[in-house]
Amino acid sequence: MDAFMQAAIDEARRGLAEGGIPIGSVLVRDGAIIGRGHNRRVQDANPIAHAEIDCLRNAGRVGRYADTVLYSTLMPCYLCAGAVVQFGIPRVVVGEAATFPGAHAFMESQGVAVTDLDLAECRALMAAFIAANPVLWAEDIGR
């Protein structure tokens, strides 16, 4: 497995261990992780503390994003895809989109290259979480 996706999965597991939703993200530039984060909606009681937003916040001010890649264990939603487009992140690599299709078409329509790895580990992580926490998952995706 790609080391950067593994780092995103590690972030997702960290979030789950904290009692949150197991979605993780890392931001990469020049072969190095410059930001990492995980969904913190539960932990911070913050509806916009999604993994990708947490990752970007933790990366801090990085100047231009044209040479970065965002990794996420789950297809980004419209909120997070909006941040990708706003900052000009050219490529997003996701662990899976079967659980949640997110804003794949929107990102591609804005010129973002999106790669879905369709990883069994990411699908299993989400399936187990959703089975144990259906109400929390519905809240996370706005249903």
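Structure shown above.
Computed from a predicted structure; not experimentally measured.

Asks: For this particular structure, what's the right way to read the overall build of the protein?
Replies: Assigned secondary structure in the protein consists of seven helices and five strands. Tracing the protein from N to C terminus, the helices and strands come up as α-β-β-α-α-β-α-β-α-β-α-α. Rg of the C-alpha trace for the protein: 14 Å, near the compact-globule value of 15 Å for 143 residues, within the 12% margin. Going through the 143 residues of the protein one by one, you find that 49% of them count as buried. The long-range share in the protein, meaning contacts at least 24 apart out of those at least 6 apart in sequence, stands at 56%. Computing the positive centroid from 12 side-chain charges and the negative centroid from 16, the protein places the two 4 Å apart.

Asks: Would you take a moment to explain the sheet that holds strand β1 (residues 24-29) for this structure?
Replies: Adjacent strands of a sheet form backbone hydrogen bonds with each other and so pair up, either parallel or antiparallel. Strand order in the open sheet formed by five strands is β2-β1-β3-β4-β5, with mixed pairing between adjacent strands. Unpaired on one side and paired on the other, β2 (32-38) and β5 (113-116) mark the two borders of the sheet. Put simply, the sheet's adjacent strands are angled 15 degrees from each other on average, direction ignored. The pairing of β1 with β2 spans six bridges and is classified as antiparallel. Paired with valine 26 across the two strands is arginine 36, which belongs to β2. The sheet strands contacting helix α1 (residues 3-17) are β1, β2, β3 (68-72) and β4 (91-94), and the helix crosses β2 at an angle near 25 degrees.

Asks: How do you make sense of the packing of aromatic side chains when you look at a structure like this?
Replies: Each aromatic ring pair is characterised by the separation of its centres together with the angle its planes make. The final tally for this structure, using the stated rule, is four aromatic pairs. Ring geometry for phenylalanine 4 and tyrosine 71: centres 5.6 Å apart, planes at 50 degrees, overall tilted. In this pair, phenylalanine 4 is assigned in helix α1 and tyrosine 71 in strand β3, connecting sequence segments 67 residues apart. In terms of burial, phenylalanine 4 and tyrosine 71 fall into one category: buried. When the centroid spacing of 5.9 Å and the interplanar angle of 45 degrees are considered together, the rings of tyrosine 78 and phenylalanine 106 count as tilted. With tyrosine 78 in helix α4 (residues 78-87) and phenylalanine 106 in helix α5 (residues 104-109), this residue pair connects regions lying 28 residues apart in the sequence.

Asks: Looking at this structure, how should I read unusual backbone geometry?
Replies: Negative phi values dominate among residues other than glycine, just as trans dominates among peptide bonds. Even without being a glycine, aspartate 30 presents a positive backbone phi close to 50 degrees. Aspartate 30 sits in the exposed class, given a relative accessible area of 69%. A positive phi is found at aspartate 118, a non-glycine position, where the angle reads about 50 degrees. With respect to the element layout, aspartate 118 can be found in the loop between β5 and α6 (120-132).

Asks: Where do I start with the pattern of salt bridges in this structure?
Replies: Pairing is possible between side chains that carry opposite charge, provided their charged atoms lie close to one another. Considering all chains together, one arrives at ten salt bridges under this definition. Close ionic contact of arginine 40 with aspartate 44 constitutes a salt bridge, the shortest N to O distance being 3.0 Å. When the shortest N-O distance is used, the salt bridge between arginine 123 and aspartate 118 registers 2.8 Å. The partly exposed category is assigned to aspartate 118, whose relative accessible area is 42%. If you follow the salt bridges from partner to partner, you end up with Glu11, Arg14 and Arg36 in one network.

The rules behind these values
Residues numbered from 1 in each chain as written. Predicted model: local features only at pLDDT ≥ 70, side-chain atom pairs only at ≥ 80, totals over all residues. Heavy atoms only, no water. Helix = DSSP H or I, 4+ residues; strand = E, 2+ residues; numbered from the N terminus. Rg over C-alpha atoms; globule rule 2.2 N^0.38 Å. Buried < 20%, exposed > 50% of the residue type's maximum accessible area, 1.4 Å probe, protein only. Contact = heavy atoms within 4.5 Å. Lys, Arg positive; Asp, Glu negative; His and termini not counted. Charge placed at Lys NZ, Arg CZ, Asp CG, Glu CD. Pairing = 2+ DSSP bridges. Axes fitted to C-alpha atoms, helices over the stretch in contact; angles between N-to-C directions. Phe/Tyr/Trp six-rings, centres within 6.5 Å; stacked < 30°, edge-to-face > 60°. Salt bridge = Lys/Arg side-chain N within 4 Å of Asp/Glu carboxyl O.

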